[in-house]
Amino acid sequence: MTAPLRPSQLRLGVNIDHVATIRNARGGDHPDPVRAAEIVASVGGDGITAHLREDRRHIRDEDLARIQEATDLPLNLEMAATEEMLAIALRHKPHAACIVPEKREERTTEGGLDAAGQHNHLQRFVSTLNDSGIRTSLFIEASERQLDAAIRLGAPVVEFHTGEYAHAFLDDDSERVASEVKRIADMAALAAKNGIEPHAGHGLTFENVQPIAAIPQIAELNIGHYLVGEAVFVGLESAVRRMRELMDEAR
Ligand code: PXP
């Protein structure tokens, strides 16, 4: 194995959910997301992100403790704001918890959390996670309304949903790409001004990561599906390295 990557100002959290998706397709133990976490750690990734969904379609409860035991990397648990997930978060005490909206029928997390509309429901989750020392993040659209709600909720971190940006990129629509980058950059600056650490993620690839990585206030990107897909062709180590190179180049 080659030397780890040097530390960067912009952290890369690797979402290993889809290693578990492949494992679960056959119902056995292979490929093991824990092995993926170990590879991410060995190559200098900054964190492991895992979404324990209500339907357990990829990550399972027992994976969380196994990931925590296998590496020293911080675990970012993506979770819906439910009593069940709160109890699991409090039991496992991950470094961070990112509250995401969750609908059973969706294929992936298709939009941001309505932090503004669900303020009253979310308050206890954010406060309880904060009080237990878990760094709480809200996965929101880059809008002033949602950011304002995150500020009022006392979230130390927000993660901006880059799905619209990724779609604009796929459509090759340069005007929409530019306006999405501006929207995310403006909200990242506003978040930082208010003492909130901005992160970003969803749909990021080798082709589209750099304009988002170049936003100076963004402290972390969480990337999963594309990296696991690339790993099929070039290996996870190589895919993570390339992503980090592209992120570092953009800074
Ligand atoms: N961040 C959050 C909060 C997510 O829910 C996800 C997965 O939907 C990601 C990042 C990673 O997205 P992707 O798998 O498209 O890279």
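In this text the structure is predicted, and so the values were computed from the model without any measurement.

Caption draft 1: Examining the site of the ligand more closely. Among the 14 residues in the neighbourhood of the ligand, the closest are listed as Glu 78, Glu 159, Gly 203, Gly 224 and His 225. Take His 202: an N or O atom from its side chain is 3.2 Å from an oxygen atom of the ligand. In the model, an oxygen atom of the ligand is placed 2.8 Å from a nitrogen or oxygen of the His 225 main chain. Protein chains bury 94% of the 390 Å² of accessible surface belonging to the ligand in isolation. Of the residues belonging to the shell around the ligand, the class tally is four nonpolar, eight polar and two charged.

Caption draft 2: Broad picture of a nonpolar patch on the surface. The grouping of Val 232, Phe 233 and Val 234 at the surface amounts to a nonpolar patch, some 340 Å² of accessible area in total. Within the secondary structure layout, Val 234 lies in helix H10 (residues 225-234). The exposure class assigned to Val 234 is partly exposed, which follows from its relative accessible area of 43%.

Caption draft 3: Highlighting the pattern of salt bridges. Inspection of every chain in the model, using the stated rule, returns 21 salt bridges. Between Asp 171 and Arg 176 there is a salt bridge, with the nearest N and O atoms lying 3.1 Å from each other.

Caption draft 4: Molecular detail of the pairing of strand E3 (residues 75-79). Burial analysis of E3 places five of its five residues in the buried class, the great majority of the element. Viewed along the sheet, the connection from strand E2 (residues 47-51) through helix H3 (residues 61-70) into E3 turns out right-handed. Where E3 meets strand E4 (residues 96-99), four bridges bridge the pair, whose relative direction is parallel. Within the sheet, the bridge partner assigned to Asn 76 lies in E4 and is Ala 96. A crossover connection joins E3 to the parallel E4 through helix H4 (residues 83-92); in handedness this β-α-β unit is right-handed.

Caption draft 5: Here's a closer look at the environment of Gly 133. Its place among the elements puts Gly 133 in the loop between helix H5 (119-131) and strand E5 (135-140). Judged by its relative accessible area of 62%, Gly 133 falls in the exposed class.

Caption draft 6: Fine view of the side chain of Asn 76. Inspection of the secondary structure assignment puts Asn 76 in strand E3. Within the local environment of Asn 76, its side chain forms a polar contact with the side chain of Thr 49, the two groups lying 3.2 Å apart. Among all residues touching Asn 76, those that are not within four sequence positions of it are Ile 48, Thr 49, Ala 50, Ala 96, Ala 97, Cys 98, Glu 220 and Asn 222.

Caption draft 7: Quick peek at the packing of aromatic side chains. In the structure shown here, the tally under the stated rule is two aromatic pairs. Plain terms: the ring middles of Phe 206 and Tyr 226 are 5.0 Å apart, the flat faces sit at 75° to each other, and that makes the pair edge-to-face. Of this pair, Phe 206 sits in the loop between strand E7 (197-201) and helix H9 (209-213) while Tyr 226 sits in helix H10, placing them 20 residues apart in sequence. On the accessibility criterion, Phe 206 (16% relative accessible area) is buried.

Caption draft 8: Quick look at the side chain of His 119. Looking at the element boundaries, His 119 is found in helix H5. Residue class for His 119 comes out buried when judged on its relative accessible area of 16%.

Caption draft 9: Highlighting the nonpolar core. With 76 residues, the main nonpolar core has Ile 99, Leu 138, Phe 160, Leu 221 and Met 243 as its most contacted residues. Broken down by element, the residue count for this core peaks at seven residues, all from helix H11 (residues 236-250). Once residues within four sequence positions are removed from consideration, Met 243 is found in contact with Leu 12, Leu 204, Thr 205, Phe 206, Val 209, Ile 223, Tyr 226 and Leu 227.

Caption draft 10: Molecular detail of the environment of Val 181. Looking at where Val 181 falls in the secondary structure, it is placed in helix H8 (residues 174-193). A relative accessible area of 18% means that Val 181 is categorised as buried. Note: C-alpha distance between Val 181 and Ile 215 (34 residues apart in sequence) is 8.5 Å. Discounting residues that sit within four places of it in the chain, Val 181 has contacts with Tyr 165, Pro 211 and Ile 215.

Caption draft 11: How the structure looks around the packing of H10 against H11. One can describe the packing of H10 onto H11 by two numbers: an axis separation of 7 Å at closest approach and a directional angle of 125°. In terms of orientation, H10 lies oblique with respect to H11. The interaxial crossing formed by H10 with H11 has right-handed handedness. In this structure, H10 uses Tyr 226, Leu 227, Glu 230, Ala 231 and Val 234 to contact H11, whose residues at the interface are Leu 236, Ser 238, Ala 239, Val 240 and Met 243.

The rules behind these values
- Sequence order sets the numbering: in each chain, residues are counted from 1 along the sequence as written.
- The predicted nature of this model means local features are confined to residues of pLDDT at least 70 and side-chain atom pairs, given and counted, to a pLDDT of 80 or more, with totals for whole chains, interfaces and linings taken over all residues.
- Only hydrogens and water are set aside when side-chain values are computed; all heavy atoms of the structure are taken into account.
- The cutoff for a nearby residue is simple: one of its non-hydrogen atoms must lie within 4 Å of the molecule or strand.
- Counted as a polar contact is a pair of N or O atoms within 3.5 Å, where, for protein atoms, one must be capable of donating a hydrogen and the other of accepting one, and residues adjacent in sequence contribute only when both atoms are in side chains.
- Areas reported here follow the Shrake-Rupley algorithm with a probe of radius 1.4 Å; residue values treat only the protein chains shown as occluding.
- Asp, Glu, Lys and Arg are counted as charged, while Ala, Val, Leu, Ile, Met, Phe, Trp, Tyr, Cys and Pro are counted as nonpolar; the rest, among them Gly, fall into the polar class.
- Residues enter patches when they are more than 30% accessible in relative terms and free of salt bridges; like-charged ones are connected within 9 Å and nonpolar ones (Val, Leu, Ile, Met, Phe, Trp, Tyr) within 5 Å.
- Salt bridge, as used here, is a side-chain nitrogen of Lys or Arg placed within 4 Å of a carboxyl oxygen of Asp or Glu.
- Secondary structure counts use DSSP, requiring at least four H or I residues in a row for a helix and at least two E residues in a row for a strand, with both numbered from the N terminus.
- Relative accessibility under 20% of the residue-type maximum defines a buried residue, over 50% an exposed one, and the middle range a partly exposed one, all with a 1.4 Å probe and only protein chains included.
- We call a crossover right-handed when, viewed with both strands directed away from the observer, the connection leading from the first strand over the helix to the second proceeds clockwise.
- When DSSP finds two or more bridges between a pair of strands, those strands are recorded as paired.
- Working rule for contacts: check all heavy atoms of both residues, and any pair within 4.5 Å makes them a contact.
- The pairing test for Phe, Tyr and Trp rings, Trp by its six-membered ring, is centres within 6.5 Å, and the orientation test on the planes gives stacked under 30 degrees, edge-to-face over 60, and tilted for anything in between.
- For this analysis, a nonpolar core means a set of buried residues of the types Ala, Val, Leu, Ile, Met, Phe, Trp, Tyr and Cys, connected via side-chain atoms within 4.5 Å.
- Angles run from 0 to 180 degrees between N-to-C directions of axes, and those axes are lines fitted to C-alpha atoms, restricted for helices to the stretch in contact.
- Orientation categories follow fixed angle ranges, with anything under 35 degrees roughly parallel, anything over 145 roughly antiparallel, 65 to 115 roughly perpendicular, and all other angles oblique.
- Helix crossings get a hand from a simple test, with the near helix turned counterclockwise from the far one by less than a right angle marking a left-handed crossing and a clockwise turn marking a right-handed one.

None of this, on its own, says anything about what the molecule does.
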